[in-house]
Amino acid sequence: MSFFITFGAIAKLTARMLRAMLSRPFEFRPLIQQLYSLGVQSFSIAFLTALFTGAVMALQFGWGLERFGAGNYVGKVISVGFVMELGPVLTALLVGGRVGAGITAEIGSMNVTEQIDALITLSTDPMRYLTVPRVLAGILVVPLLVAVGDIIGIMGGYGVATGSLGFSPAAYLRNTVNFLEPLDIASSLIKGTAFGLIATTMGCYFGINAGRGARGVGR
């Protein structure tokens with residue numbers, strides 16, 4: 001029953017956010033602030049994670065596939081593996097952990113100090129002012145970070161494959177470009193959008209429903 005109660009509360013919160021998104025006037029200033037906080041400030045961690053993950057993948061697959069005479073498949077394996085799975089998942093985990101925790105702590109602190117009640121008293125919809133900018137920013141930013149992470153991961157593998165394993169740069173890039181299909185790239189971006197929606201919605205939900213006091217915010 002606890003699961004269904006929580007699921008229903010999240011669905012109710014999502015419906016309220018959708019209504020607030022369609023209401024006018026739209027608050028652009030909070031959205032821009034969240035785009036900077038969620039996107040620009042998360043770029044470095046997504047960049048470094050993708051770079052070193054791609055490099056490690058190239059190193060491991062290069063050694064493994066070379067034993068079977070299939071070293072020329074390294075670029076294909078890295079491109080498909082990173083674009084289809086690792087890029088969206090790793091980016092969402094890192095950005096979601098950073099962003100989700102930050103959203104929860106920020107809104108939870110506002111809830112504890114009764115700032116949300118003050119917004120309601122001032123006839124300001126908390127959904128439109130607090131949750132909508134964060135969720136929209138997550139939906140817009142995470143796919144962009146995933147796209148950047150995919151490119152950086154592939155180039156990290158390119159650096160190791162050509163610099164340490166002796167692969168041909170032209171062959172690596174040709175295999176990568178020829179093996180990837182538009183559907184693979186679209187799947188990666190769609191996953192990033194879904195992960196961004198989930199991470200920010202969960203952060204807003206748990207922040208709004210944080211218990212009283214510092215212990216409630218921590219939990």
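Everything below is about the structure shown above.
Computed from a predicted model, the values in this text were never measured in an experiment. (Residues numbered from 1 in each chain as written. Predicted model: local features only at pLDDT ≥ 70, side-chain atom pairs only at ≥ 80, totals over all residues. Heavy atoms only, no water.)

Trainee: Can you lay out the overall build of the protein chain for me, pointing to particular residues and giving the numbers?
Mentor: Tallying secondary structure elements over the protein chain gives nine helices and zero strands in all. For the protein chain, the sequential pattern of α-helices and β-strands runs α-α-α-α-α-α-α-α-α. The C-alpha extent of the protein chain, read off along each of the three principal axes, is 70 × 35 × 35 Å. Within the span of the protein chain, comprising 219 residues, buried residues form 39% of the whole. Of all intrachain contacts in the protein chain linking residues separated by at least 6 positions in sequence, the fraction that spans at least 24 positions is 85%. Here the protein chain has roughly 12000 Å² of accessible surface; of this, 68% comes from carbon and sulfur atoms. (Helix = DSSP H or I, 4+ residues; strand = E, 2+ residues; numbered from the N terminus. Buried < 20%, exposed > 50% of the residue type's maximum accessible area, 1.4 Å probe, protein only. Contact = heavy atoms within 4.5 Å. Areas by Shrake-Rupley, 256 points an atom, 1.4 Å probe, with all protein chains shown as cover.)

Trainee: Which residues make up a nonpolar patch on the surface, and what are the values?
Mentor: On the surface, M1, F3, F4, I5 and F7 cluster together into a nonpolar patch covering about 680 Å² of accessible area. Its location among the elements puts F7 in helix α1 (residues 2-22). On the basis of relative accessibility, which here comes to 54%, the residue F7 falls in the exposed class. (Patch = residues over 30% accessible without salt bridge, like charges linked within 9 Å, V, L, I, M, F, W, Y side chains within 5 Å. Salt bridge = Lys/Arg side-chain N within 4 Å of Asp/Glu carboxyl O.)

Trainee: Before we move on, can you summarise the pattern of salt bridges with the specific residues and values?
Mentor: Scanning all chains against the criterion turns up two salt bridges. In this structure, E85 engages K191 in a salt bridge whose closest nitrogen and oxygen atoms are separated by 3.1 Å. Taken as a pair, E85 in helix α4 (residues 74-112) and K191 in helix α8 (residues 182-208) lie far apart in primary sequence, 106 residues in all. With a shortest N-O distance of 2.9 Å, E106 and R134 are connected by a salt bridge.

Trainee: So what's going on with the packing of α1 against α8? Which residues, and what values?
Mentor: Packing of α1 against α8 brings their axes to within 10 Å, and their N-to-C directions diverge by 110°. Between α1 and α8, the angle falls in the class roughly perpendicular. Across from T6, A9, I10, L13, T14 and M17 in α1, the residues of α8 making contact are T201, M202, C204, Y205 and I208. Looking at side-chain class alone, the contact of α1 with α8 contains eight nonpolar, three polar and no charged residues. (Axes fitted to C-alpha atoms, helices over the stretch in contact; angles between N-to-C directions. Parallel < 35°, antiparallel > 145°, perpendicular 65-115°, else oblique. Nonpolar A, V, L, I, M, F, W, Y, C, P; charged D, E, K, R; others polar.)

Trainee: Break down the side chain of T200 for me, citing the residues and quoting the values.
Mentor: Within the fold, T200 resides in helix α8. For T200, the residues in contact, after removing those within four places along its chain, are L38, V99, I103, R134, V135 and G138.

Trainee: Describe the side chain of R134, and please don't skip the residues or the numbers.
Mentor: Mapped onto the fold, R134 is located in helix α6 (residues 126-163). At a separation of 2.6 Å, a polar atom in the side chain of R134 contacts the main-chain carbonyl oxygen of L130. Sequence-distant contacts of R134, defined by excluding residues within four places in its chain, comprise Q34, L38, I103, E106, I107, Y129, T200 and C204. (Polar contact = N/O pair within 3.5 Å; in protein donor to acceptor, adjacent residues only side chain to side chain.)

Trainee: Summarise the packing of aromatic side chains; cite the residues concerned and give the values.
Mentor: In the structure shown here, the tally under the stated rule is four aromatic pairs. Note on F3 and F4: the rings are 5.3 Å apart at their centroids and 75° apart in plane angle, and the pair reads as edge-to-face. The same class applies to F3 and to F4, which are both exposed. (Phe/Tyr/Trp six-rings, centres within 6.5 Å; stacked < 30°, edge-to-face > 60°.)

Trainee: How would you explain α6 if you had to name every residue and give the values?
Mentor: In this model, α6 (38 residues) spans 53 Å end to end at C-alpha, consistent with the 56 Å of a helix rising 1.5 Å per residue. The sharpest bend along α6 measures roughly 35° and falls at V132, with the proline P133 sitting one to four residues further on. (Expected span 1.5 Å × (residues − 1). Bend = angle between axes of the 7 residues up to and from the residue.)

Trainee: Account for helix α7 (residues 169-179), naming residues and giving values.
Mentor: Inspection of α7 places Y172, N175 and T176 among the buried residues, and these make up the whole buried set. For α7, the angular spread of the buried residues around the axis is 100°, confining them to a single face. For α7, the exposed residues set more than 90 degrees away from the buried face come down to V177 and N178. Lining the buried residues of α7 we find α4 and α6. (Arc of directions from axis to C-beta.)

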